[in-house]
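So you can see what is in the structure, the chains are spelled out below.
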Amino acid sequence: MPSTTSVPIPEVTTSGRSAPSEGHALRLDIQGLRAVAVGLVVLSHSGVPLVGGGYIGVDVFFVISGFLITSLLLRELATTGRVSVRSFYARRALRLLPASSLVIAVTLGGAWLFLSKARLAEYAGDALAGALYAVNFRLAAAGTDYLAQNSPSSPFQHFWSLAVEEQFYLVWPLLLLLAWRVTRGRRRPIAVLLGVLCLGSFAAGVIETNSSAPWAYFGSLTRAWELGAGALLALGAGRLRRLPAAIAAPLTWVGLAGVTLAAVWFDDETPFPGHHALLPVAGAALILAGGCVPTPQGAAWLLGRRPLVWLGGLSYGWYLWHWPLLVIAPAALGIVDGTAGVPLALGLSVAALGLAWLTLRLAENPVRFHRAFRKRPHRALVLGAALSSGVSALSLTATAVPPTIEVGGPAPALAPALSDAPAPQARLTELLASSPTSLPSNLAPPLLKVRSSRSAVYRDNCHVNYATTTGPCVYGDRTSSRTVVLLGDSHAAQWFPALERLATTHGWKLVSLTKASCKVAAVTIVSGHEPYTACDTWRTAAMARIETLHPDLVVVSSSDAGDPFRPTADPLGQWTTGFEHTFRELADPGTRVAALLDTPWPKGDPVDCAAENSLQLRACANHLPDATRDATRGAALRAAASTTATTVIDPTPWLCAPGTGICPVVVADTAVYRDESHLSEAYAEALVPVLAPSLDRLVGAP
């Protein structure tokens, strides 16, 4: 390894590679810090339990990047009085695009071969967004879609951090150049301006974490302060170099302890970034600040060790390769749930490190140091545009030409079969017993569109998310004297297509009151390690709203998933009391209550399973009693209903064949489920003929 004085300071990307700039010594401690950061990310993604918060390695990368790249920009400004924006982006293209384009192309091929055929278009969209450095917006939008929150991780998900960084660098060089000219090169006013912007970004991150966690996590606005923190250090580097060694050395160890503490203390349930991001960002900043003063007593003694420096040099490639391997390899190896255990994940991560080394030697360095690009930024920009265009074209092609899903012959149309039958329940029982063994050629809607179907309750944002507490919506005949209310969580909202159809046909006014994971029973459950008090607040407001409506009927339903925040030794009694409280509060004179038991759950993701086993659908079917998520919850609801004159409707015979207990994923020409627990829009609407008699009796005549 070259000596510290003979190797220049590197420009760094979010996860990695360095590039020289003349006349400044390499900070080996920064190379080692990059190794620590990427190591934490990889260990966390591999499921190593002691580093559940290893994702904070990305925050460390942001601080390093802001520090080093701003140092280069300031050096150029001090030397020439200007910043060559063209040269800046040319360097970025040469650093980032050869490796990232290769990884995107190979990952897309792996997804085509081994991942769900039903999700290939989704993954190709992620690949396109990754190539255009916009995948963070796509992931944030998906994270706020309640019906998409349990989707398996995209093999391109890790590109979000590169997207955030590049979005920052679309603005920062120009802003720095403008501020430099306005202040005539005085760093203090620039630091004040940047500090104000960082405070605003940090505040936005704290607020957004509480209101919309996906946008807080993936958003560039809420993450910009972390890169800005590194930039502030670069602006104050001159003062930092004058720190006494007796102060600088302890700062680095305190900083390293802060990074380590965040990695072992935080986990997936930690509200992040929010104020928690202060710990890893401050830790990285202290390491960089104290490291401005070379001292053998500082953390550089550890971070500058040869293995860490070597690993830091491979951090970008390792970051790029490890995640696709962790996502795709288990599926390629035939692991049923597609998840690698810790030993396999660590082995795959080692393999990813080997790929990173090969990528550096065969792709990154040959391109970056090729004489064709030396002092020719326009060529580098053309290369970057060509690589981005090529990967984008590949992604669009994958979207336009998805892999073939084999199908069998046509099946009877479910909705007409039930609506035309003199005994809809009997006809449905026949269709359940004779469910197709192959995906019907006339599946309606087609399998690839089952998940994307959205009823009005979702299109109109009437299904309230976790943080919001209001949002009732009215459908059907809004002037009707007969009012029906739908109350509960997403397992109530799954019945909306059927109820809307009934409301339109029968002239009811339908009021939808549903909230994510909010149980009908008055029991506080857990959400993010904390009591889900937003649900309790919303439920109280919903009950008050129902009281003013004086409805003829309230249809309630909720998922059997979710644990009480304060569990008792008698869960049956706890849930029974909770249901009784709600049912009694709803049962005003003139108002009847119908409680729909939770639907049987499928085995895994039924759409993915049907795509992979399109000619053997029985492999995807679940069975009773395994399909019942929580029998105790159902028993509690029945017990509460018996004491409160509440009508209980059990949908199990509508989804599982009596006698055999088989719960198919396709009945006639219709997919039963849209995901791991919710009915498909088409199936719920097709069940109107079997649901209608019970509700008609309860609502009565006008």
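What comes next concerns the included structure.

What counts, and where the lines are drawn
- Residues numbered from 1 in each chain as written.
- Predicted model: local features only at pLDDT ≥ 70, side-chain atom pairs only at ≥ 80, totals over all residues.
- Heavy atoms only, no water.
- Helix = DSSP H or I, 4+ residues; strand = E, 2+ residues; numbered from the N terminus.
- Rg over C-alpha atoms; globule rule 2.2 N^0.38 Å.
- Buried < 20%, exposed > 50% of the residue type's maximum accessible area, 1.4 Å probe, protein only.
- Contact = heavy atoms within 4.5 Å.
- Areas by Shrake-Rupley, 256 points an atom, 1.4 Å probe, with all protein chains shown as cover.
- Disulfide = S-S within 2.5 Å.
- Pairing = 2+ DSSP bridges.
- Right-handed = clockwise from strand over helix to strand, strands pointing away.
- Expected span 1.5 Å × (residues − 1).
- Salt bridge = Lys/Arg side-chain N within 4 Å of Asp/Glu carboxyl O.
- Polar contact = N/O pair within 3.5 Å; in protein donor to acceptor, adjacent residues only side chain to side chain.
- Phe/Tyr/Trp six-rings, centres within 6.5 Å; stacked < 30°, edge-to-face > 60°.
- Lys NZ or Arg CZ within 6 Å of the ring centre and 35° of its normal.

**A few points about the overall build of the chain**
And then number 1: Per the secondary structure count, the chain includes 30 helices and 15 strands.
And then number 2: Compactness check: the chain gives a C-alpha radius of gyration of 29 Å against a globular reference of 27 Å for 702 residues, within 12% of the reference.
And then number 3: Based on the C-alpha atoms only, the size of the chain along its principal axes is roughly 85 × 50 × 45 Å.
And then number 4: Classification of the 702 residues of the chain by burial places 55% in the buried group.
And then number 5: Summarising the internal contacts of the chain: among those between residues at least 6 apart in sequence, 80% fall at separations of at least 24.
And then number 6: With the model as given, the accessible surface of the chain reaches about 28500 Å², and the carbon-plus-sulfur share is 62%.

**Focus: the state of the cysteines**
And then number 1: By the definition in use, this model includes four disulfides.
And then number 2: Two residues share a disulfide in this structure: Cys518 and Cys535, whose sulfurs sit 2.0 Å from each other. As the torsion about the S-S bond is roughly 85°, the Cys518-Cys535 disulfide counts as right-handed. Highlighted residues: Cys518 in the loop between β6 (509-515) and β7 (526-527) and Cys535 in helix α24 (residues 533-549), separated in sequence by 17 residues.
And then number 3: Given a relative accessible area of 0%, Cys518 falls into the buried group.
And then number 4: In this structure Cys535 comes out as buried when scored by relative accessible area, which is 1%.
And then number 5: Put simply, Cys609 and Cys620 are joined by a disulfide, and their sulfur atoms are 2.1 Å apart. When the S-S torsion is -90°, as for the bridge of Cys609 with Cys620, the disulfide is left-handed. Highlighted residues: Cys609 in helix α26 (residues 606-612) and Cys620 in the loop between α26 and β11 (622-623), separated in sequence by 11 residues. Here Cys609 matches Cys620 in class, with each residue buried.
And then number 6: When the bonded cysteines of the chain are numbered from the N-terminus onward, they pair as 1-2, 3-4, 5-6, 7-8.
And then number 7: Cys292 provides the cysteine sulfur closest to Cys198, a residue in no disulfide bond, and the two sulfurs are 17 Å apart.

**Examining the pairing of strand β10 (residues 592-596)**
And then number 1: In terms of residue burial, β10 counts as a mostly covered element, since four of its five residues are buried.
And then number 2: Pairing geometry for strand β9 (residues 553-557) and β10, over four bridges, is parallel. Each residue of the ladder has a partner; that of Val556, found in β10, is Ala595.
And then number 3: Regarding topology, helix α25 (residues 571-586) serves as the crossover connection from β9 to the parallel β10, and that connection is right-handed.

**Brief notes about helix α9 (residues 220-235)**
And then number 1: Relative to the 22 Å expected for 16 residues at 1.5 Å per residue, α9 spans 22 Å between its end C-alpha atoms, a close match to the ideal helical length.
And then number 2: Taken across its 16 residues, α9 has 12 buried, putting it largely inside the fold.
And then number 3: Within α9, burial applies to Thr222, Arg223, Trp225, Glu226, Leu227, Gly228, Ala229, Gly230, Ala231, Leu233, Ala234 and Leu235.
And then number 4: Next to the buried residues of α9 lie α2 (57-80), α6 (160-183), α7 (187-211), α8 (213-218), α10 (237-240) and α12 (278-290).

**Let's talk about the pattern of salt bridges**
And then number 1: Under the criterion given, the structure shown has 18 salt bridges.
And then number 2: The salt bridge partner of Asp605 is Arg119, with a shortest N-O separation of 2.8 Å. Highlighted residues: Asp605 in the loop between β10 and α26 and Arg119 in the loop between α3 (85-114) and α4 (120-131), separated in sequence by 486 residues.
And then number 3: You can call Arg119 buried: its relative accessible area is 1%.
And then number 4: Across the pair Glu681 and Arg674 runs a salt bridge, and its minimum N-O distance is 2.9 Å.

**A closer look at the side chain of Ser349**
And then number 1: If you trace the backbone, Ser349 turns up in helix α16 (residues 342-368).
And then number 2: The exposure class assigned to Ser349 is buried, which follows from its relative accessible area of 3%.
And then number 3: Of the polar contacts made by the side chain of Ser349, one reaches the side chain of Ser46; its length is 3.1 Å.
And then number 4: Leave out the neighbours within four places in its chain, and Ser349 touches Val42, Ser46, Trp318 and Leu326.

**What about unusual backbone geometry?**
And then number 1: Residue Pro445 is bonded to the preceding Ala444 through a cis peptide linkage, with omega at -5°.
And then number 2: Here Pro445 is to be found in the loop between α19 (424-433) and α20 (447-450).
And then number 3: With a phi close to 60°, Asn461 is a non-glycine residue in the positive phi region.
And then number 4: Along the chain, Asn461 falls in the loop between α21 (456-459) and β3 (463-464).
And then number 5: With a relative accessible area of 64%, Asn461 lands in the exposed category.

**So, the environment of Ile64**
And then number 1: Within the element layout of this structure, Ile64 appears in helix α2.
And then number 2: Note on Ile64: relative accessible area 0%, which makes it buried.
And then number 3: Separated by 30 residues in sequence, Ile64 and Arg34 have C-alpha atoms that sit 8.0 Å apart.

**Overview of the packing of aromatic side chains**
And then number 1: What the rule picks out here adds up to 18 aromatic pairs.
And then number 2: Aromatic side chains Phe88 and Tyr89 sit 5.2 Å apart centroid to centroid with 75° between the ring planes, which places their arrangement in the edge-to-face category.
And then number 3: Ring pairs connect the aromatic residues Tyr55, Phe62, Trp160, Tyr217, Phe218, Trp265, Phe266 and Phe272, which therefore count as one cluster.
And then number 4: Over the face of the ring belonging to Trp301 we find Arg305, whose NZ or CZ atom lies 4.3 Å from the ring centre.
And then number 5: Geometry around Trp575 places Arg633 over its ring, the cationic atom sitting 3.9 Å from the centre.

**Observations regarding the environment of Gly590**
And then number 1: Along the chain, Gly590 falls in the loop between α25 and β10.
And then number 2: Judged by relative accessible area, Gly590 falls into the exposed class, the value being 63%.
And then number 3: C-alpha of Gly590 to C-alpha of Asp552: the two residues are 38 residues apart in sequence and 6.2 Å apart in space.
And then number 4: Sequence-distant contacts of Gly590, that is, excluding residues within four places in its chain, are made with Pro551 and Asp552.

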